[in-house]
Amino acid sequence: MISQKIEEKLNVQIGREAASSQLYLSMASWAEVEGFEGVAEFLYRQSDEERDHMLKLIKFVNERGGKAIVPALEKPPAKFVSMRSVFEDLLAHEREITNAINELVFITLEEKDYTTHRFLQWYVEEQLEEEALAQTILDKLKLIGDDKGGGLYLFDRDITSMSASPASEE
Ligand code: FEO
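The paragraphs below set out a description of the structure included in this document. (Residues numbered from 1 in each chain as written. Predicted model: local features only at pLDDT ≥ 70, side-chain atom pairs only at ≥ 80, totals over all residues. Heavy atoms only, no water.)

1. So, helix H1 (residues 4-33)
Helix length check: H1 (30 residues) gives 44 Å between terminal C-alpha atoms against 44 Å at 1.5 Å per residue, within 8%. At the C-terminal side of H1, Gly 35 shows a positive phi close to 95°. (Helix = DSSP H or I, 4+ residues; strand = E, 2+ residues; numbered from the N terminus. Expected span 1.5 Å × (residues − 1).)

As structure tokens, this is what we get:
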């Protein structure tokens, strides 16, 4: 059984994962309209992964005697100034999520909730992977620099083979 405090905190995290999914969905849609099929495919997949992160939390909260709350969603930004800014935003967003997960892990120790503590280790691992991948992608975009034509064409082709995680081993 989880404490009320843990339940509340996990429900906040459910909202964050849902918001991540929405943000990446909006980025994916932008990339698709801009003609970047590969980037769109990658971001649609990231959006799906974030929804999985949310689902995993919902099921955990319910299984542990709490009540998961399906959150309302804010409209994410729909326009992005450049490919680089998309991935800068994505990395900044993942860093915020990492901080939130770390804070949650800390609270589980304060509450002596070792079951939730263990459950959250999966998220700790996932954040490591996602931040590293976002950083790698940003490094590539920095290399491309102002070569907006050929460089981005190759980037769009290659990104489809990049994956955030050995993810989702449940
Ligand atoms: Fe589920 Fe990328 O945070």
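Having seen the structure, we can now continue with the description.
2. A word on empty space enclosed by the protein
Scanning all chains against the criterion turns up 1 cavity of 30 Å³ or more. If you add up the space inside the largest cavity, you get close to 60 Å³. If you trace the largest cavity, you find 10 residues lining it, with Phe 42, Gln 46, Leu 90, Glu 130 and Ala 134 closest to the centre. Contributions of two or more residues to the lining of the largest cavity are made by helix H2 (37-63), helix H3 (83-110) and helix H4 (114-144). It is H4 that provides the largest number of residues to the lining of the largest cavity, a total of 4 residues. Looking at the lining of the largest cavity residue by residue, the class counts come to 7 nonpolar, 1 polar and 2 charged. (1 Å grid on protein atoms, 1.4 Å probe; cavity = no way out; pocket = protein on both sides within 12 Å on 5 of 7 lines; lining within 4 Å. Points joined across faces, edges and corners; volume = space filled by probe spheres on them. Nonpolar A, V, L, I, M, F, W, Y, C, P; charged D, E, K, R; others polar.)

3. Brief notes about the layout of surface pockets
Once rolled over the atoms, a probe with the size of a water molecule shows which space is left empty. Estimates place the volume of the largest pocket at around 200 Å³. Every residue lining the largest pocket is counted, 13 residues in all, and those nearest its centre are Ala 19, Gln 22, Leu 73, Glu 74 and Lys 75. Among the residues forming the lining of the largest pocket, the class breakdown is 8 nonpolar, 2 polar and 3 charged.

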